[in-house]
Amino acid sequence: MTRWLRLVAAAGCAAVLGAQAQTEVAFDSLDRHGDQAVTLKAWWFGADRRQAPAVVLLHGCSGPYDHRGRLGARMREYAELFNRLGMHALVVDSLTPRGETELCTQRIGTRQVTQANRRLDALASLHWLAQRPDVDAQRLGLVGWSNGGSTVLSATNLRQREVREAPLRPAFAVAFYPGCEADLRRGYQPSTPLLLLVGEADDWTPAAPCQALAAQAAVDSGAGTPAVQIEAYAGAYHGFDSHAPVRVRKEVPNGLHPGEGVHVGGNPEALRRSQQRLLEFIAPWMNR
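Everything quoted here is computed from the prediction, not taken from an experiment.

**Q** Now, about the side chain of Gln-106: what can you tell me, with residues and values included?
**A** Within the secondary structure layout, Gln-106 lies in the loop between strand 4 (88-93) and helix 3 (115-130). Accessibility expressed as a relative area gives 16% for Gln-106, which makes it buried. A polar atom in the side chain of Gln-106 sits 3.0 Å from the backbone oxygen of Glu-102. Not counting residues within four places of it along the chain, the set of residues in contact with Gln-106 comprises Glu-100, Arg-111, Gln-112, Pro-253 and Asn-254.

**Q** Now, about the state of the cysteines: what can you tell me, with residues and values included?
**A** Applying the stated criterion to the full structure yields two disulfides. Linked covalently through their sulfurs, Cys-61 and Cys-104 form a disulfide whose S-S length is 2.0 Å. The sign of the S-S torsion, about 95 degrees, decides the handedness of the disulfide formed by Cys-61 and Cys-104: right-handed. In this pair, Cys-61 is assigned in the loop between strand 3 (52-58) and helix 2 (73-84) and Cys-104 in the loop between strand 4 and helix 3, connecting sequence segments 43 residues apart. A relative accessible area of 5% means that Cys-61 is categorised as buried. Across a sulfur-sulfur distance of 2.1 Å, Cys-180 and Cys-210 are joined as a disulfide pair. Disulfide Cys-180-Cys-210: torsion about the S-S bond near 90 degrees, hence right-handed.

**Q** So what's going on with the packing of aromatic side chains? Which residues, and what values?
**A** The geometry of an aromatic ring pair comes down to the distance between the two centres and the angle between the two planes. One pass over the full model with this rule turns up 11 aromatic pairs. Their ring planes at 15 degrees and their centres at 5.4 Å tell us that Trp-145 and Phe-176 sit as a pair that is stacked. Separated by 31 residues along the polypeptide, Trp-145 in strand 5 (residues 135-145) and Phe-176 in strand 6 (residues 172-176) bring together distant segments of the chain. Exposure remark for Trp-145: the relative accessible area of 2% places this residue in the buried category. Between the aromatic rings of Phe-176 and Tyr-177, the centroid separation amounts to 6.2 Å while the plane-to-plane angle is 70 degrees, which identifies the pairing as edge-to-face. Each member of the pair, Phe-176 together with Tyr-177, is buried. Ring-pair connections join several aromatic residues into one group, and the members of that group are Tyr-78, Trp-145, Phe-176, Tyr-177, Tyr-233 and Phe-240. A cation over a ring is seen here: Arg-132 above Trp-44, with NZ or CZ 3.9 Å from the ring centre.

**Q** Explain the sheet that holds strand 2 (residues 36-45) residue by residue, including any values.
**A** Ordered in space as 1-2-4-3-5-6-7-8, the eight strands form an open sheet in which the pairing is mixed. Edge positions in the sheet fall to strand 1 (23-33) and strand 8 (228-233), since each of these pairs with one other strand and no more. Neighbouring strand axes in the sheet, compared pairwise and without regard to direction, differ in orientation by 25 degrees on average. Of the pairings in the sheet, the one linking strand 5 to strand 6 comprises five bridges and is parallel in character. Bridged to Leu-142 within strand 6 is Ala-173.

**Q** Which residues make up the side chain of Asp-121, and what values go with them?
**A** Within the secondary structure, Asp-121 is located in helix 3. Using a relative accessible area of 0% as the deciding quantity, one classes Asp-121 as buried. Discounting chain neighbours no more than four positions away, the residues touching Asp-121 are Ser-29, Asp-31, Leu-40, Ser-94 and Arg-98.

**Q** Go over unusual backbone geometry, please, and point to the residues and values.
**A** Excluding glycine, residues mostly have negative phi values, and the peptide bonds linking residues are mostly trans. The backbone of Gln-51 sits at a positive phi, close to 55 degrees, despite the residue not being glycine. The residue Gln-51 is located in the loop between strand 2 and strand 3 in this model. Owing to a relative accessible area of 42%, Gln-51 belongs among the partly exposed residues under this scheme. One non-glycine residue, Tyr-177, lies in the positive phi region at around 30 degrees. By the element assignment, Tyr-177 lies in the loop between strand 6 and helix 6 (181-186).

**Q** Break down the packing of helix 2 against helix 8 (residues 268-286) for me, citing the residues and quoting the values.
**A** Each pair of packed helices can be summarised by the angle the axes make with each other and by the distance between the axes. The geometry of helix 2 relative to helix 8 is characterised by a closest axis approach of 13 Å and an angle of 40 degrees between their N-to-C directions. The angle between helix 2 and helix 8 falls in the class oblique. In this structure, the crossing between helix 2 and helix 8 has a hand that is right-handed. Within the contact between the two elements, helix 2 uses Tyr-78, Leu-81 and Phe-82 and helix 8 uses Gln-275, Leu-278 and Ile-282. Residue composition of the contact of helix 2 with helix 8, grouped by class: five nonpolar, one polar and no charged.

Cut-offs applied
- Residues numbered from 1 in each chain as written.
- Predicted model: local features only at pLDDT ≥ 70, side-chain atom pairs only at ≥ 80, totals over all residues.
- Heavy atoms only, no water.
- Helix = DSSP H or I, 4+ residues; strand = E, 2+ residues; numbered from the N terminus.
- Buried < 20%, exposed > 50% of the residue type's maximum accessible area, 1.4 Å probe, protein only.
- Polar contact = N/O pair within 3.5 Å; in protein donor to acceptor, adjacent residues only side chain to side chain.
- Contact = heavy atoms within 4.5 Å.
- Disulfide = S-S within 2.5 Å.
- Phe/Tyr/Trp six-rings, centres within 6.5 Å; stacked < 30°, edge-to-face > 60°.
- Lys NZ or Arg CZ within 6 Å of the ring centre and 35° of its normal.
- Pairing = 2+ DSSP bridges.
- Axes fitted to C-alpha atoms, helices over the stretch in contact; angles between N-to-C directions.
- Parallel < 35°, antiparallel > 145°, perpendicular 65-115°, else oblique.
- Left-handed = near helix turned anticlockwise from the far one by under 90°.
- Nonpolar A, V, L, I, M, F, W, Y, C, P; charged D, E, K, R; others polar.

Here you go:
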């Protein structure tokens, strides 16, 4: 049996344990608005296991909800996938607690919710998970998509003071099609093993800066430095890990060709391969 098939089998076995229904929870971010901490809203998907690993799921610029105000399909499906693997999942909403519903149509540089805000949300989420008696604090992960993938980079970059000083670090991190330019310019020093999953045809958050970031991290790495791995998928656009048809979002002002919009949509082969790669990457932290 291949490693991939063994992981699928493990997920199937874990499924019989079931999962709790999603539960709304709240906790304080490390971010503050004036004298008050920002209180985050999040959705807890608990696996029926004690001392289980747990994953923070970080949404993209559209926020965690669909057009009907329900938790979106991507967030629900990945939370349920992690539950089937015997892992808890926490979907964190960084936007509505700050009075925003989406960032996609806002130009970078004008957004009121920044990576600095979201970095502090991610670090607070890890701390909240670590306090739970049903969570193994040694097996925490960050997984994010698009703007949330950029948050994964920001929250695992030791060149950020808050990351260096954090008393707790994730055991692993995964970023789907993140924007890598900011951390490439800053210099990326990983606090944990990182997997980047990108589309070669992505004209919103292009693959090239992420490939450069991974290459630079490899050059800078020393003994004991966590590795940065990257996998790119030919012909895949932004949002390749979905079943949605490819469309052009003209209202998005950012991307490779400002004013022309960006392509967004699923790619069946990239979806299959990225989920396979995700499971292979997190396998060391799934079961002990």
